[in-house]
Structures are given as structure tokens and as C-alpha cells.
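Structure assessment
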Amino acid sequence: MELNFNFLLKRSIVIFVWVGLTFLTKSVFSQTVFKGVVTDADTGLTLPYVNIGIIDKGLGTVSDEYGAFNFLFDTAKLSDLDTLKVSSIGYKEFKLPFSMVIAQDMKSTQIELQPEIVSLNEVVLTSSKRKKRSKTEKMVGYSFVGQLKNGSWEGDGALGGELVTKINVNKKKRQLNAFYFYVLKNISDSLLLRVNIYDGSTSLPEHKLTNKNITYTLKTNIGKVGVDLVPFNITVENDFSIGIELLKVYGDKIDLVIAGDDTPGVSYRRYVSQGEWKRYAKDALTYFVSTTLLEEEEEEDVVLLDEKLITNYTNEQLLQSMGRNIGVVNGFVFKEGERVQGVQIQNLTTGEVTTTDDSGRYNIKASLSDELEYSYSNLETQVRTVLETTFAINVALEEKVLELEEVTVTSLARKKRSQEELYRDFNEDKGIIKTSFGLFSKETSGYSMSIVDESEFGSGASSLGNLLRGKVAGLSMLSTDNMDGSTQIFLRQQGTMNPIPAAYEVDGLLVSGFPSFLDVAQIKRIAVLSGLASVAKYGTMGAGGVIIINTKAANFSSSSSGAPEKGRMFTQEMDEKVITEEEARRNWPDFLQELYVSENFVKAQEIYNSYEPKFGTNPNFNIDATNYFLEFFGNKNFTEELISKNIKCFSNDINYLKALAFVLDKNKKHDQSVELYKQILLLKSNSVQSYRDLANAYINNNQRERGENLYARYFNLTKEGFFSKQPDALQNVINSEVKTLLDISEDTLDGSISTFINKEETKTRIVLEWNDDAAELNFQFVSPDDNLSSWSNTMDGELSESLLSKGYTSKDFFIYGNPRNWRINADYKGNKTGLATYLKITVSTNYGAENQKDMIKIFRLDVKNVNRKLIHIL
């Protein structure tokens, strides 16, 4: 009996352990992790606080402020019939079958949400029927603090849970001003909530009445909370439902209790993102809203007796206090589209001070109605007021306009010339050198510099080393074993064990290794920098000194007597020398000239392959090669492979990406250029030019809805103060495109557009776009009768504003009537990099009509300071 008992005991233990492991295995291994990031399909920007969950299953979450999510759930509770839904205000819903969710287990997924179409007409046009507010505000909803009813979040506080109540009103159009509720208990550090407003005509909350996130950081422990709705311009004409949604918990615990009203009403609750709504027919939360009736001018105010609310609260009903919300305001500070470090932000109410970090971001404590002052040296100070809904304020600071009294300064020292004067004197003064940091004179640079002009070159010099030999003190050379005749040149450290060779800058381009590609006969001037102070700006690359080379092709300069004035209007006869495109091409680099005279595809491919190892890291080489093969051999697999490779090159270089997009646009590769414009917007998401370029690219790619939505988003962001006032050049481009896109009649245009658009129907539009915002360009427009006018990107608009290095790279013009025999010339002044600038010109005849025709041309601008003929409209 004892043996049998022991046997049975052991067997029971084994069975128990097996059963336990079985249940444990099912519990552990049925857990699935679905993670990733949610982005805007149009722009690629991440989307914060997006609802993610299994429909009506009580399983869901919300993405964080960076669009990332990590959704853990038990697959044992679900089947193949279930669906995951992703939704956000202003975007179309995204659904994914449960089987596909399982397939993504532990893999990072990117979900792209398509924006809902926003009506551009409401953004651009002014209303023909003016409204006015009535004098008396009306309170609607439930304001009694009851004893028996409340709403709450406890425990983990599932993200995306909502507490909503229906508000019944008279059928009059009204604006919602403020939303109030009472907190009976809140033990968390703070909670991030979203206020959602729904159409009240449906049985359950379905259709949101806003396309913006109304977020609020709740810190109140006990008392009344108010959320300002005025900035969101919300109007209703019928019953509506309003409530709060949990987005984020700051701290480890959540126990939030919201007051309920004993008055019978209808409320809705769901306890997780995308969860099932529960309807409570006799319950109402203590939610009430301040509203203002919107009436016709001739109508009288109407007193709505049924909207009167109970206001005789006792202290017990109001609990212990009426807490005031103290939150944290954060955001970014910009100057000309770039983030600014070190800006001081002071709360003028509390005295608290902070500064922006190296990314231009700041955080500061602030309460309702507090004023925040943003100040920085040489920039105009701005003050912003904190609203109840404020949790982020972005500010754009502008240059201070200083009015100085007349001052006379005398000095015996040699006058230091301006950049314009140095540029003017470049040809005559052999002591001037052009660099990527500007022009420098040997006499006034402040550090040791050796300059060798072409007039000092020996007739027999065949290499760069021979040109410098005996002319620069301390210079030594070491020939390499390469077949290209390259040489290592050392400017100092000759006595060390591991001397560092000099670095090279050729026409503003920093070159890796010896510039063996240079034709010695094309060199105009060489500067040698060897001192530590003179090369400090080049960083570690200049540790061995720097040799700066100016070539003849890239360095034209007008003489002192004939220097053109910036932005002046030309009135002289057209007898001035204007070089043709053929003459401009004589200055092209050798590889490009060889490509354009190659007999066939095989020969062109051989030429490309021979130069690619040497120039493959040069942006101009990649753009030029892509443009050539698309123009002549666009149907070849080699060309498609070249495009794919070059799209991945220099992925963080906005100038390169834009030039490559121009090339793709010209060759009608709009689907590929859209991806480049999206990438540019990701790199420069606070730039109006980036929004315009991507919106226009969508239109060209037959994605009209996305283009309209992006234009609308720009106008909305401008209204909210996200963008500062745009220069005339760019704003006119956007206005004319939106007007044509919507086919708006002239008499209904907003003033900002109506002053620009001519009412004649027949017109030709010319759009100028350049890839480098630092490029200086002067354009000439010559009419058929030789009347000539000009525009320069250094003097735009009535205020002669310079667009240089401010992110603006487009301008449009209109020719009314017959455009034949109009000519466009350009005088290119260069840029900061020394690389060629790419100019895209789009000529649209019969602009805005059904028979509109577009012609796109691309120009490689490298010859400077000469008038160049670009287009002759025949």
C-alpha cells in the first residue's frame, strides 16, 4: 500500500506540473506585441495620439507624442474575424485584418494615414454673408454636482478610454466657447486628455465635429476645470456630444473621478481605444458648455429658457476647492525657418525663466492667462498668452530693425572692403580669393595667406604641384603610385612621423584627396592656408592646411567700371552681350561634354563608368548623369538603376534632393519626385516652401486630393501663427496655384489673392524654381518690342526683401495675351558651396484652362556674372 501511495503521489505531481506548464505556456505564448509608428501619408511626419485597437474588443492603446506605439494583447481572446483599427482626427481610418497583425509580431510597422480632404474654399475665400455674435452667452449642458453618479478611470487607465455626455440644445447655430467639468478625485501627477466633440444626431458617438486635436494637461486634484474652445472655432446647429479621452498618464498611478449630474441625461463610455461604446440612458456627467448664438444681422437675440442651468452649488457639492490648472508649456523657437538655441523664455506672471536647447526646444511652467516673453539678442521680442488648451507654443522671431543716429568714424587703417566690393575687384586684385566661406583679401584677412595668380604660373607647368613649387614657403610634395598623376602636398608638420597632407577646396567644393581631375590650364588663382588660425573654420579636415583653387570657368567678375547694381531695372537697349546655351555649355566639365557628344548608349555608358569612380561623391556629377540618361536613354534598365541609386545618395542634402526632383519632374517621373519632396519636408518640416513643393508635386502626380489637403493645411497653420508672414515671391506662387486648383471666380477672391490675379482669361504662367536657397539670381524678361524688366531674389517685393538663405526658392510671373517672342535671361552670381545651381523653369500656356500646356526645362547654372539666354517663347 505504501508503494502504491508513493506511486500515485508522484504521478499526481507530474500531472499537476504538466497541467500547470500547459496553462502557463498558453498564457505566455498567446501574447502578441504589435509595435511601430503612425505617419502622415502625405508628408511622412509622425502623428501623435492616434487611436489604435481591436474593434469592440476592449483591447487598444494610443500612440505617444512621437507617433510610436507598443500594443500588447492576448491573441487567445481574438479570431480571424477581428479587425485592428487605427484612427486620428483629420485622417481616414486604417484597418488591418487580425491575421496580418499576427504576422507582424515583434516587427516594427509603419502605418500611413491618409488625410481627410479639407475644403480649401473655407480657408482661402471670405464669406459673403457676415455674422455677428449675440450679446448674451448661453450655458448648455449639466452643471449640478450629484451625489450618486460619476465617471472614473482606475487601475491601469487604458489609453483611449472616453467619458462622453450628450448635450441637448435648441436648433440654432452657435459657437462653443468653453467646456467645463468637475474633478472629484485625481491622484496622478498629471494626465493628458483630449476633448472630443461629436455629432449628437447618431445613436452612438461616431462623427467628430473638429479636425484638430484639443488636448489638455490635467493637474487639478479637486475642483472645476475649464477648457477654452474659442481658438478652435467650433460651431454647432444641433445636439452634440462632448467628452474627454485619456491619452497619457504621467506617473505610476491613475485614479480619476469626474462628477456626475443627478439630472437624467444620456452618456456614453468606452474604456479603451477603439473599444465598444456603452450607452447609459439615464446618466449624465457634469459637463456644461459656454456658447454664443450666431445670428443674422437683422435678427434679434433669443432668450432660450430651456438652457438655464442650476448654479446654486453648495460648498459640499463643489467639494473642497476650485482648483486652478498649472501645466507645462513647451515648443520650438525659429528664426527664418531654423531652430534657435539660447532664446530666453520668461513667464512674466511667475518670473520663471528658461532657455531653448540646441534643438530650439523649451519647457516652462505656466497657468491660464500667464504671459510668456521670448527674447534673443538682435531679434524682436514676442509675448504670447497661455490659453486653457495651450500645451505647445511655437514662435518665429524676426530680425530687429535698428535705427542708428548718423555716426562718423575715421581710421588710419586700411579700409576693409565689403563682399560686394571684393567681388567687383576680383579680376583686377590678385590678392583676392573666393572660398566657401566668402571672399577674402590677403591684405585684410587677419592671418597668413599665400596667393598665386595665373599670371605667376610658369608656361611649362603641367601639374598643380609644379604650379606651387618654389612659390610657397615650407611646401613639400610626395608623388603617389596612382596612374592619375596625383601628388600628396604637405604644408607643415614635415618633421613629424605622420605628417598630414593638405585638404583642397575647388570653387567652393571641399574635395576628398588630391584633385587630379583638374585641368591646370583652367586654374585662375590658388591660395594656400597653413596657419592654425586660418584653417580653424575647416575643422579636422584642415588639420594639414588647405589649398583653395579658383578656376576660370566658375569665376567671372565684372570690372569696376561696369559692375551691375543689384536688382536694378534695366532700361537700356538690348545690345548687351547675352551668351547662348551652346556657349554656356562650353564651360561644362569634361565628363558632361563627352556624354553629350557620345554616339550611342554603349559609348555613353562607358564614359559614365570611367568617370564614376573619380566623381561619384560629387552631387553635380550624379544629377548631370541622371539628367542626361533620362533625356536620351530613359527606356534603358541602366537608367532606372541609376535613378534608384541616386535617389539614395546624399539623403540629407536638401539642395541635392531638390535638384534631382527637378530632373525627375522634367522627365515626368512624378511618382519618384513626390518621394523626394516628402523627404525634403521631413528634413525641413517648418518650411512653407517644403509644403508648397510637395503639394504641387502631388497635383502633378494626379494626387489632387492630397495636394489640396496640403495647401489647406498650410493656410490653417498660417492662421494659427505657426508660420511667419511669407515673402511676396512665395505667397504669390501659392495663391495662384490654389486659385487655379479651386477654379475660384475672380469676384469672390480673398483680398490677398485678388490683388495679384489679373482678370484676363488668357495668360501664360512662368514659374522659376532653383535648388539652392543661397544662390543669387537676377532674371531679365524681354518683351517682343524689347522692353526689358528684371527681378532678383536679393530684392523681392515692395520692401526689396532678400530671399537668400531663408528657404525660399520659387517665383512666378504672368504674361497676359499672346506670349510669343518673349525671352527670359539670367545673370547667375553664384552660391555658398561652389557647386552648380539647378534652375527649373515651367512655362504653362493657357494657364488654368482645360487646354493648358506645360513645358519644363532644366538649366545647369555654373557660369557667373554674364547674361545668359534661357528661354525664347515661340
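A brief report on the enclosed structure follows. (Residues numbered from 1 in each chain as written. Predicted model: local features only at pLDDT ≥ 70, side-chain atom pairs only at ≥ 80, totals over all residues. Heavy atoms only, no water.)

Focus on the overall build of the protein chain
Short version of the rule: Numbering of helices and strands starts at the N terminus; helices are DSSP runs of H or I of at least 4 residues and strands are runs of E of at least 2. Residue exposure (1.4 Å probe, protein chains only): buried if accessible area is under 20% of the type maximum, exposed if over 50%, otherwise partly exposed. By the convention used here, residues are in contact when the closest approach between their heavy atoms is within 4.5 Å. The Shrake-Rupley method, run with a 1.4 Å probe, gives the accessible areas here. Residue values count only the displayed protein chains as cover.
Of regular secondary structure, the protein chain possesses 17 helices and 47 strands. Counting across all 874 residues of the protein chain, residues that qualify as buried make up 49%. Intrachain contacts of the protein chain at a sequence separation of at least 6 include 70% that bridge at least 24 residues. Accessible area for the protein chain stands at about 43,100 Å²; split by element, carbon and sulfur atoms hold 50% of it.

So, the layout of surface pockets
We count it as follows: A pocket here means an open set of points on a 1 Å grid, computed over the protein atoms alone, that has protein on both sides within 12 Å along at least five of seven lines. A cavity is instead a set of points where a 1.4 Å probe fits but cannot get out; residues with an atom within 4 Å of a point line either one. Grid points are joined across faces, edges and corners, and a volume is the space filled by probe spheres set on the points. Each residue gets one of three labels, nonpolar for Ala, Val, Leu, Ile, Met, Phe, Trp, Tyr, Cys and Pro, charged for Asp, Glu, Lys and Arg, and polar for the others, Gly among them.
Considered as a void within the structure, the second largest pocket measures approximately 1,100 Å³ in volume. Contributing to the lining of the second largest pocket are 40 residues, with Val506, Phe517, Leu518, Pro589 and Phe615 lying nearest its centre. Those elements giving two or more residues to the lining of the second largest pocket turn out to be β36 (509-511), α8 (590-596), α9 (601-615) and α10 (619-633). For the lining of the second largest pocket, the leading source of residues is α9, giving five residues. In the lining of the second largest pocket, the residues fall into 19 nonpolar, eleven polar and ten charged.

Observations regarding a negative patch on the surface
Put simply, the rule is: Here the term patch refers to residues with relative accessible area over 30% and no salt bridge, with like charges joined within 9 Å and nonpolar side chains (Val, Leu, Ile, Met, Phe, Trp, Tyr) within 5 Å. When a carboxyl oxygen of Asp or Glu is within 4 Å of a side-chain nitrogen of Lys or Arg, the pair counts as a salt bridge. Within this scheme the basic residues Lys and Arg register as positive and the acidic residues Asp and Glu register as negative, but His and the chain ends are omitted. Charge placement uses NZ in Lys and CZ in Arg. For Asp and Glu, CG and CD serve respectively.
Where like charges cluster on the molecular surface, the negative patch consists of Glu380, Glu398, Asp728 and Glu801. Along the polypeptide, Glu380 turns up in strand β28 (residues 379-385).

Considerations on the packing of helix α11 (residues 637-648) against helix α12 (residues 654-666)
How we decide: Every axis corresponds to a line fitted to the C-alpha atoms, with the helix fit spanning only the stretch in contact, and the corresponding angles, defined between N-to-C directions, vary from 0 to 180 degrees. These descriptions rest on fixed angle ranges, namely under 35 degrees for roughly parallel, over 145 for roughly antiparallel, 65 to 115 for roughly perpendicular, and the rest for oblique. For a crossing to be left-handed, the near helix must be turned anticlockwise from the far one by less than a right angle; the clockwise case is right-handed.
Their axes nearest at 10 Å, the elements α11 and α12 cross at an angle of 155°. As judged from the angle between their axes, α11 and α12 are roughly antiparallel. Considering the relative orientation of α11 and α12, their crossing is left-handed. Between α11 and α12, the residues in contact are Ile643, Asn646 and Ile647 and Tyr656, Leu657, Leu660 and Leu664, respectively. For the contact of α11 with α12, the class distribution of residues is six nonpolar, one polar and no charged.

Re the pattern of salt bridges
The final tally for this structure, using the stated rule, is 32 salt bridges. With its nearest N and O atoms 2.9 Å apart, the salt bridge here joins Asp665 to Lys840. Linking Asp665 in helix α12 with Lys840 in strand β45 (residues 837-845), this pair joins segments that are 175 residues apart in sequence. You'll find Asp665 and Lys840 in the same group, each marked buried. With its nearest N and O atoms 2.7 Å apart, the salt bridge here joins Asp862 to Arg860. For the pair shown, Asp862 and Arg860 are each scored as buried. Where salt bridges share partners, they join Lys658, Asp665, Arg692, Asp693, Glu737, Arg765, Glu769, Asp812 and Lys840 into one cluster.

Comments concerning the pairing of strand β41 (residues 776-782)
Heads up, the condition is: If DSSP finds at least two bridges between two strands, the strands pair.
By the criterion of burial, β41 is predominantly enclosed, with seven of the seven residues buried. Side chains of β41 alternate between two faces, with Glu776, Asn778, Gln780 and Val782 and Leu777, Phe779 and Phe781 buried alike. When β41 meets strand β44 (residues 822-830), the two strands line up antiparallel, connected through seven bridges. Note that in β44 the partner of Leu777 across the bridge is Tyr828. Pairing geometry for β41 and strand β42 (residues 788-792), over five bridges, is antiparallel. Residue pairing in the sheet places Gln780 in a bridge with Ser790 of β42. If you look at the hairpin formed by β41 and β42, you'll find five residues sitting between the two strands, and Asp786 has a positive phi there, around 65°.

Quick look at the sheet that holds strand β12 (residues 190-199)
Overall, antiparallel pairing links the six strands, which are arranged β13-β12-β16-β10-β18-β19 in an open sheet. At either end of the open sheet lies a strand with only one pairing partner, and these are β13 (215-218) and β19 (278-280). Looking at each pair of strands side by side, their axes are set apart by 25° on average, direction ignored. Across four bridges, the pairing between β12 and β13 is antiparallel. In the strand pairing of β13, Leu191 is matched with Leu218.

Overview of the pairing of strand β43 (residues 810-816)
In terms of burial, β43 is largely enclosed, as six of its seven residues are buried. In this sheet, β43 lies alongside strand β40 (residues 763-770) in antiparallel orientation, the contact comprising seven bridges. Counterpart to Val767 in the pairing with β43 is Asp812.

A word on the packing of aromatic side chains
Aromatic ring pairs: the centre-centre distance and the angle between the two ring planes describe each pair. To keep things clear, this is the line we draw: Here a pair means two rings of Phe, Tyr or Trp (six-membered ring of Trp) with centres within 6.5 Å. Their orientation is stacked below 30 degrees between planes, edge-to-face above 60, and tilted elsewhere. Consider the ring centre and the ring normal. A charge sits over the ring if Lys NZ or Arg CZ is within 6 Å of that centre and within 35 degrees of that normal.
One pass over the full model with this rule turns up 42 aromatic pairs. With 5.8 Å between their ring centres and 35° between their planes, Tyr714 and Phe723 make a pair best called tilted. Accessibility assignment for this pair places Tyr714 and Phe723 in one class, buried. The ring of Phe426 has Lys434 sitting right over it, with the charged end atom 4.4 Å from the ring centre. One residue, Lys811, lies across the ring of Phe813, its end atom 5.1 Å from the ring centre.

Focus: the environment of Asn213
Its location among the elements puts Asn213 in the loop between β12 and β13. Residue classification places Asn213 among the partly exposed positions, given a relative accessible area of 28%. Sequence separation of Asn213 and Ser88 is 125 residues, and the distance between their C-alpha atoms is 8.9 Å. Not counting the four nearest positions on each side in its chain, Asn213 is found in contact with Pro48, Ile89, Arg194 and Phe232.

Some details on the sheet that holds β36
If you walk across this open sheet you meet the five strands as β32-β37-β38-β35-β36, and the pairing is mixed. Each end of this open sheet is capped by a strand with a single partner; those strands are β32 (450-453) and β36. Taking each pair of neighbouring strands and ignoring which way they run, the sheet shows an average axis angle of 20°.

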